[in-house]
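Descriptive analysis of the structure
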Amino acid sequence: MYTGAEVRRRLEPALMVPDEVPVAFYPDEAWVHGRHLVGRLVGQAVASGAEHRSGTAVCGIGTGADGSIRTVALSDGSCLDVNIVVNAAGPSASHLAGLIARHLPMRREPGVVTRIRCAQVPVHRAMHAPHIEIRPDGDTSAVLHSREIDALIDTGEDPAELARLLHESARHVVPELGNSRIAQTRVADRPIPADGFPSVGAVPTVPGYYEAVSHSGITLGPVIGQLLASEILSGKRDAMLADFCPERFSH
């Protein structure tokens, strides 16, 4: 635990907090830079022989007489012969599950995230400050979020106004962000199954169909990917996934 003064002296000189305010610091924690990670993983998959298709939606999933996965129809008119489908469609996971007549109930919990551009990001760590969360996103941009601002989404508040409120809150914590500009704002539903827990693994009634649906997906993604890949290849479910089986939504 540090004081505000110690944080400015040792960690984040641009952070504006009163000198004696306690600040928790977690040196062993980090965050995953989503765009860089996904780009690297896709690149490695393609180099290993995978085919990458983007901007093409899945519009149908065909099954055989035994109910197992057989084909995937895409919006460009093509049809792929497959024997495995992994539903990792995030907020659209329920729609994708519906293509095999599966009901995957999801919460409606929207959130707003704003990306700001600046000549040089003045903070170096992800931080949870009063009323605002800030994290670097490369050298020249940062990402802003606030649960308090999320609560205004259903009031019909314009996304541009939500972004302005986020930007204003960030400037109170890091005054140097006053020189930044709002670059992008996204309002989207979080991918949260109805009971609040991930849905990961096989659906036994549809052989070849798997789910990987969870909030904090960019944080949990690496371990979910590893555990699910092992389950697909070996047919054995890891004990870590015992409480998150998709079958709990079968009734």
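Before any of the text, the structure's been laid out above.
Residues numbered from 1 in each chain as written. Predicted model: local features only at pLDDT ≥ 70, side-chain atom pairs only at ≥ 80, totals over all residues. Heavy atoms only, no water.

1. Observations concerning the packing of aromatic side chains
Definition in use: Aromatic rings from Phe, Tyr and Trp, taking only the six-membered ring of Trp, are treated as a pair when their centres fall within 6.5 Å; an angle between ring planes under 30 degrees marks them as stacked, one over 60 as edge-to-face, and anything in between as tilted. Put simply, DSSP marks the helices as runs of H or I at least four residues long and the strands as runs of E at least two long, and each gets a number from the N terminus on. Throughout this description, buried means an accessible area under 20% of the type-specific maximum (1.4 Å probe, protein chains only), exposed means over 50%, and partly exposed covers the range between.
Taken as a whole and assessed by the stated rule, the structure comprises two aromatic pairs. Aromatic pair Phe-197 and Phe-244: ring centres 6.4 Å apart, planes at 35 degrees, arrangement tilted. Taken as a pair, Phe-197 in the loop between strand 11 (181-189) and strand 12 (199-202) and Phe-244 in the segment after helix 6 (217-234) lie far apart in primary sequence, 47 residues in all. On the basis of relative accessibility, which here comes to 48%, the residue Phe-197 falls in the partly exposed class. On the basis of relative accessibility, which here comes to 22%, the residue Phe-244 falls in the partly exposed class.

2. Focus on the nonpolar core
Selection criterion: Here the nonpolar core consists of buried residues drawn from Ala, Val, Leu, Ile, Met, Phe, Trp, Tyr and Cys, with membership extended through side-chain atoms lying within 4.5 Å. Only heavy atoms matter for contacts: two residues are in contact if any of them lie within 4.5 Å across the pair.
Among the nonpolar cores identified, the biggest contains 26 residues, and Leu-15, Ile-132, Ile-134, Leu-144, Val-173, Val-174 and Leu-177 are the most heavily contacted of them. Secondary-structure elements contributing two or more residues to this core are strand 7 (110-117), strand 8 (127-129), strand 9 (132-136), strand 10 (141-145) and helix 5 (159-173). When residues in this core are grouped by element, the largest group, four residues, is from helix 5. Setting aside chain neighbours within four positions, we find Leu-15 in contact with Val-7, Arg-8, Met-127, Val-173 and Val-174. Counting residues in each nonpolar core, the second largest holds 15 residues, with Leu-104, Val-203, Tyr-209 and Phe-249 among its members.

3. Let's talk about the environment of Val-42
By the secondary structure assignment, Val-42 is in helix 2 (residues 34-47). Looking at Val-42, the relative accessible area reads 29%, which means it is partly exposed. As for Val-42 and Leu-104, which are separated by 62 residues in sequence, their C-alpha atoms are 27 Å apart.

4. Describing the sheet that holds strand 3 (residues 58-63)
This is how it is decided: Here a strand pair is declared whenever DSSP counts at least two bridges between the two strands. In this analysis an axis means a line fitted to C-alpha atoms, helices contributing only their contacting stretch, and an angle means the value between N-to-C directions, from 0 to 180 degrees.
One open sheet holds the three strands; their spatial order is 3-4-5, and the pairing between them is antiparallel. Since the sheet does not close on itself, it has two edges, and those belong to strand 3 and strand 5 (79-81), each with one partner. Averaged over all neighbouring strand pairs, the angle between strand axes comes to 20 degrees, with direction disregarded.

5. Considering the side chain of Ser-68
Keep this limit in mind: Any pair of nitrogen or oxygen atoms within 3.5 Å is treated as a polar contact; in protein, a donor-acceptor pairing is required on top of that, and neighbouring residues in sequence qualify only through side-chain atoms on both sides.
By secondary structure assignment, the location of Ser-68 is in the loop between strand 3 and strand 4 (69-74). At 2.8 Å, the side chain of Ser-68 forms a polar contact with the side chain of Arg-70. In contact with Ser-68, other than residues within four places in its own chain, are Gly-62, Thr-63 and Pro-207.

6. With respect to the sheet that holds strand 9
Working definition: the strands of a sheet are paired by backbone hydrogen bonds and lie parallel or antiparallel to each other. The five strands are arranged 8-9-10-7-11 in an open sheet whose pairing can be described as antiparallel. Pairing within the sheet leaves two strands with one partner each, and these edge strands are strand 8 and strand 11. Direction aside, the axes of adjacent strands within the sheet are offset by 20 degrees on average. Relative to strand 10, strand 7 is paired through four bridges, and the arrangement is antiparallel.

7. Structural notes on a nonpolar patch on the surface
Here is the rule: Exposure above 30% relative accessible area and no salt bridge define the residues that can form patches, which grow by joining like charges within 9 Å and nonpolar side chains of Val, Leu, Ile, Met, Phe, Trp and Tyr within 5 Å. Note that accessible areas follow from Shrake-Rupley with a 1.4 Å probe, and for residues the cover is restricted to the protein chains shown. Any carboxyl oxygen of Asp or Glu that lies within 4 Å of a side-chain nitrogen of Lys or Arg is treated as forming a salt bridge with it.
Taken together, Val-32, Val-38 and Ile-218 make up a surface patch of nonpolar side chains, about 210 Å² in accessible area. Positionally, Ile-218 belongs in helix 6. Exposure remark for Ile-218: the relative accessible area of 40% places this residue in the partly exposed category.

8. Side note on the pattern of salt bridges
Side chains that differ in charge, positive against negative, can pair when their charged atoms come close. Enumeration according to the criterion identifies 17 salt bridges in this entry. The residue Arg-8 makes a salt bridge to Asp-19 at a minimum N-O spacing of 2.2 Å. Within this pair, whereas Arg-8 is found in helix 1 (residues 4-10), its partner Asp-19 is found in the loop between helix 1 and strand 2 (22-23), the two being separated by eleven residues in sequence. Of the residues examined, Asp-19 reaches a relative accessible area of 41% and is grouped as partly exposed.

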